[in-house]
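Overview (structure and organization)
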Amino acid sequence: MSVDLTTMIYTAEQVRDGEQDAAARCDVSMAQLMQRAAQACLEVIQHKQAAPANLLILCGPGNNGGDGWVLARLAQQAGFRVQVAATEPRSELAKLAAQAWRDQGGVVTDLTALTTAQIDNADVIIDAMLGNGLDRDLSTPFTEAVNLINRHNFAGWVLSIDVPTGLNSDTGIAMPTAVKATCTVTMIALKTGLVTGAAATYCGELVLADLGVSRAFFKTPPTLRAIQSSLVSEHLRRRNKAAHKGDFGHVLIVGGGPGMSGAALLAGQAALRCGAGKVSIACHKESQLAIAAAQPELMVHAVDNDLSALLERATVVVIGPGLGQSPWARALVERVAQWQGAVAWDADALNSLAAQPIAKPDASVWLFTPHPGEAARLLNLSASDVNANRLRALTQICQNFHAYTLLKGAGTLVKSPQQHDAWVCRRGSPALAVGGSGDVLSGVVGALLAQQTAEQIPTDQVLAIAAWLHAVAGEMAAQRGERGTLPSDLLDELRTLVNPHQDLKIGA
Ligand SMILES: NC(=O)C1=CN([C@@H]2O[C@H](COP(=O)(O)OP(=O)(O)OC[C@H]3O[C@@H](n4cnc5c(N)ncnc54)[C@H](O)[C@@H]3O)[C@@H](O)[C@H]2O)[C@@H](O)CC1
Ligand SMILES: [K+]
C-alpha cells in the first residue's frame, strides 16, 4: 500500500525516538543520515540555483549544524562558492563534519561576528543553526543572526534545514523570533510545528526529505494527519437519482440576535449550498424579516425562548451564528443543551457554555468550532496560552466537554474525544480572515451532519471534511484577490466542492 508521507505528522520527540530505530532497521548509521540530509538540501539548492553561486551556511552547535557542515563540503565539491559562519560544534557528528570541512580547506567565520555584508553577498543563506533540538528561547548570537536574515531587503533566498531556527517544532511558535525561510527541507517526517500555529509565516515551501528511512519510521502512529481531498470524495458521492429532501436532513440554525441577522443568514446559505435537505432558522424577531427576504429557501422563525416545536422537526442543530450574549440567547443555549441529537456549537453559544458550563446529555453529540479566543474562554486561559500550544488546547476542550472539536486558525486542527491523534488542515487562505467566515463554516458543519446518514459520514470525520471544504473554498474565492474576499463568495465554491464526482458540463 502506498503512503503519502506528507500526510503523517509527528512531534520532535517522536522523530527523535523513531529515527534511530528506523535507521537501525534500514541499516543506516547516524553519520550516513546526516550525509543524506545534506545531500537532500544540496539537491534542493541545485534545483533552484545553478553553481557557482554564493552560499552562506550558518551552523549551530548540534546536529542541525552538522547537516550544515556536511552541506558546505558537498556544495563546494559541486562548484558553489561557500562561506560558513558558525558557533563551536558540540555534538560529536557536528565536530567531525566541521573538521572535514576545514580539512577540505573550507573557511569559517564566527557567527557572533556575522555582518550585513556577508548576508548581502549571499545568493542563498542556509540556516543550519538550530533544528528540532531547540529547547529554550533564542539568545546571542542566534537572535541577531535571525534578525539579520529576516531584514526585508535581503535579495536572495533562505533555506532552513529541518526547522527554521527559533521555531518550536512541536507547537509552531517562534521562540521568540524565527528565521523566515523561503523553503524548509525537513528530515524523515513532517513535524507538528511546521504545519500549525505561526508555522506558515516561517517555513515557506515545505520539502520532505525521507533520507531512505521514512517508510520504516512511518510504522510509528502519527500525532497529526493531514486532511486530504480523498476524505471528501469518498463521502460525497453522486446522489441517488430517486432522492428526496427528507434524505438529507433538516438543519435548525439558532442565532441571528438583534443586529446580527447576517451571521445566521450566512450559516443558513452555507448549509443549503452544501446540500442540507431543509434549513430552518430560529432567530430574534428583529432579524426575521431581513433573513427571510434575503434567501427564500430558508424557513425563518422568530422565537422567544420556546424552541420545542422547531427542535422536534430538526435532525441537526447549529447554535451560535449571531446569537449574542443576551438573556434571550442564554435561554436558547439552555434549551438546545437539553436536546438529544447532534449539535454544532459556535461563536457566542460557545462563550455562553464557557461562562456557565452545561453537561452534555449522554445521547447527544456535540461539535465545537472555536477560534483561539473562544477556545481560551472554554479553558479559562488567554488566547496566547491557546496559541502557545494549539494541539494541547484542542485536546483539553475535547476532554473537558466531550465534544468533537475544530480549532480555527492557520493549520486548523480537528480532534474527536475518543481518538488519540488529530487532523490538521494544510489548505486555506488568509482571505478567510474576515467576519462571517466562521458562520459559513458552521453552516457547512450543519449540512454535513444533516447528510451523515445518506452519505455515511462517520461523526469523527464531519469536522475534518468541513475544515477542508471551507479552506479550499477560501483558496478558490481568493483567486480573485485575497484582500476583499467575502464569506458569501465561498458559497458558490462550496457548491462545486461538495459535488466532486459530478461532471458539470451539460451534454446534448
Ligand atoms: N538524528 C538524526 O537522525 C538526524 C538529525 N538530523 C539533524 O539533527 C538535528 C537535531 O540535532 P540535535 O538534537 O543536535 O539538535 P539541534 O541541532 O537542533 O540543537 C541542539 C543543540 O542546541 C542547543 N540549543 C537548544 N536550544 C538553544 C537555544 N535557544 N540557543 C542556543 N542553543 C540551543 C542544545 O543545547 C544542543 O546543544 C535535526 O534538526 C536535523 O537537522 C539530520 O542530520 C538527519 C538525521
Ligand atoms: K535550522
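It should be emphasised that the depicted structure is a prediction, and the values quoted were computed from it without experimental measurement. (Residues numbered from 1 in each chain as written. Chains lettered and ligands numbered in written order. Predicted model: local features only at pLDDT ≥ 70, side-chain atom pairs only at ≥ 80, totals over all residues. Heavy atoms only, no water.)

1. Some points on the packing of aromatic side chains
Short version of the rule: Here is the rule: rings of Phe, Tyr and Trp (six-membered ring for Trp) pair when centre to centre is within 6.5 Å. Planes less than 30 degrees apart are stacked, more than 60 are edge-to-face, and the remainder are tilted. Numbering goes from the N terminus for both helices and strands, where a helix is a DSSP run of H or I of at least four residues and a strand is a run of E of at least two. Burial classes: relative accessible area under 20% of the type maximum marks a residue as buried, over 50% as exposed, and values in between as partly exposed (1.4 Å probe, protein chains only).
Throughout the structure, instances matching the rule amount to four aromatic pairs. Ring geometry for Trp345 versus Phe368: centroids 6.4 Å apart, planes at 70°, classification edge-to-face. Separated by 23 residues along the polypeptide, Trp345 in strand E15 (residues 342–345) and Phe368 in strand E16 (residues 365–368) bring together distant segments of the chain. Classification of Trp345 as buried rests on a relative accessible area of 0%.

2. Comments concerning the domain arrangement of the protein chain
We count it as follows: Boundaries between domains were set according to an automatic or database domain assignment. Note on definitions: a residue-residue contact is assigned when non-hydrogen atoms from the two residues lie within 4.5 Å. Accessible area, probed at 1.4 Å, shrinks when two parts are joined; the buried area is that loss added up over both. The term salt bridge refers to a pairing of a side-chain nitrogen on Lys or Arg with a carboxyl oxygen on Asp or Glu at a separation within 4 Å. Polar contact criterion, stated in full: a pair of N or O atoms within 3.5 Å, where within protein one must be able to donate a hydrogen and the other to accept it, and residues adjacent in sequence count only if both atoms are side-chain atoms. As a working rule, the residues Ala, Val, Leu, Ile, Met, Phe, Trp, Tyr, Cys and Pro are called nonpolar, Asp, Glu, Lys and Arg charged, and the rest polar, with Gly in that last group.
Each assigned domain of the protein chain is listed with its residue range as follows: domain 1 (5–222) and domain 2 (229–497). The straight-line distance from the C-alpha centre of domain 1 to that of domain 2 is 40 Å. Taken together, the contact between domain 1 and domain 2 spans ten residues of the former and ten residues of the latter. Looking only at domain 1, the three residues that lose the most surface to domain 2 are Thr171, Val195 and Thr196, adding up to 45% of its buried area. Joining domain 1 to domain 2, the criterion identifies zero salt bridges. Here domain 1 is connected to domain 2 by three residue pairs in polar contact (both at pLDDT 80 or more). Among the residues making up the side of domain 1 that touches domain 2, the classes are represented as six nonpolar, four polar and no charged.

3. So, the site of ligand 1
To keep it simple, the criterion reads: In this text, near means that some heavy atom of the residue lies within 4 Å of the molecule or strand in question. In short, Shrake-Rupley with a 1.4 Å probe defines the accessible areas, and a residue's cover is counted only from the protein chains shown.
Within the structure, ligand 1 sits among 21 residues, and Glu19, Asn64, Asp67, Gly131 and Asp162 are positioned closest to it. Between a nitrogen atom of ligand 1 and a side-chain N or O atom of Glu19, the distance comes to 2.7 Å. Asp137 is positioned with one of its backbone polar atoms (N or O) 3.1 Å from a nitrogen atom of ligand 1. If ligand 1 stood free it would expose 870 Å²; the protein chains cover 85% of that surface. Those elements that provide at least two residues to the shell around ligand 1 are helix H2 (30–48) and helix H3 (63–77). Of the residues in the shell around ligand 1, the class split is nine nonpolar, six polar and six charged.

4. Brief notes about the nonpolar core
The line we're drawing: Here, nonpolar core means buried Ala, Val, Leu, Ile, Met, Phe, Trp, Tyr and Cys residues that are tied together by side-chain atoms lying within 4.5 Å of each other.
Grouped together as the largest cluster of nonpolar side chains are 57 residues, with contacts concentrated most on Val444, Leu448, Leu469 and Leu494. Tallying contributions element by element places helix H20 (residues 459–477) first for this core, with twelve residues. Those residues in contact with Leu494 that sit more than four places away from it in its chain are Ala270, Cys274, Val440, Val444, Leu469, His470 and Ala473. Ranked by size, the runner-up nonpolar core spans 50 residues in total, among them Ala38, Ala97, Ile126 and Ala128.

5. Considering unusual backbone geometry
That bond from Thr140 to Pro141 is cis: its omega, 0°, falls within 30 degrees of zero. Within the secondary structure, Pro141 is located in the loop between strand E5 (124–128) and helix H6 (142–149). Of the consecutive residues Met175 and Pro176, the connecting peptide bond is found in the cis state with omega at -15°. If you trace the backbone, Pro176 turns up in the loop between strand E6 (157–161) and strand E7 (183–187). With phi around 70°, Ile188 is a residue other than glycine that occupies positive phi space. With respect to the element layout, Ile188 can be found in the loop between E7 and strand E8 (190–191). Residue Ile188 is classed as buried on the basis of its relative accessible area, which comes to 2%. We note that Leu211 has phi near 55°; this positive angle belongs to a residue other than glycine. Within the secondary structure, Leu211 is located in the loop between strand E9 (205–209) and helix H8 (214–217). According to the relative accessible area criterion, Leu211 is buried, its value standing at 9%.

6. So, the sheet that holds strand E19 (residues 422–424)
As a reminder of what qualifies: Between any two strands, at least two bridges found by DSSP are needed for them to pair. For helices, the fitted line uses only the C-alpha atoms of the stretch in contact; every axis is such a line through C-alpha atoms, and the angle between N-to-C directions lies from 0 to 180 degrees.
One open sheet holds the twelve strands; their spatial order is E8-E1-E10-E19-E18-E17-E16-E15-E14-E11-E12-E13, and the pairing between them is mixed. The sheet is open, and its two borders are formed by E8 and strand E13 (299–302), each paired with just one other strand. Sheet analysis places strand E17 (residues 403–407) next to strand E18 (residues 413–415), joined by three bridges and oriented antiparallel. Opposite Leu407, over in E18, you have Leu413 as the bridge partner. The sheet contacts of helix H11 (residues 285–294) involve strand E12 (278–283) and E13, and relative to E13 the element is tilted by about 165°.

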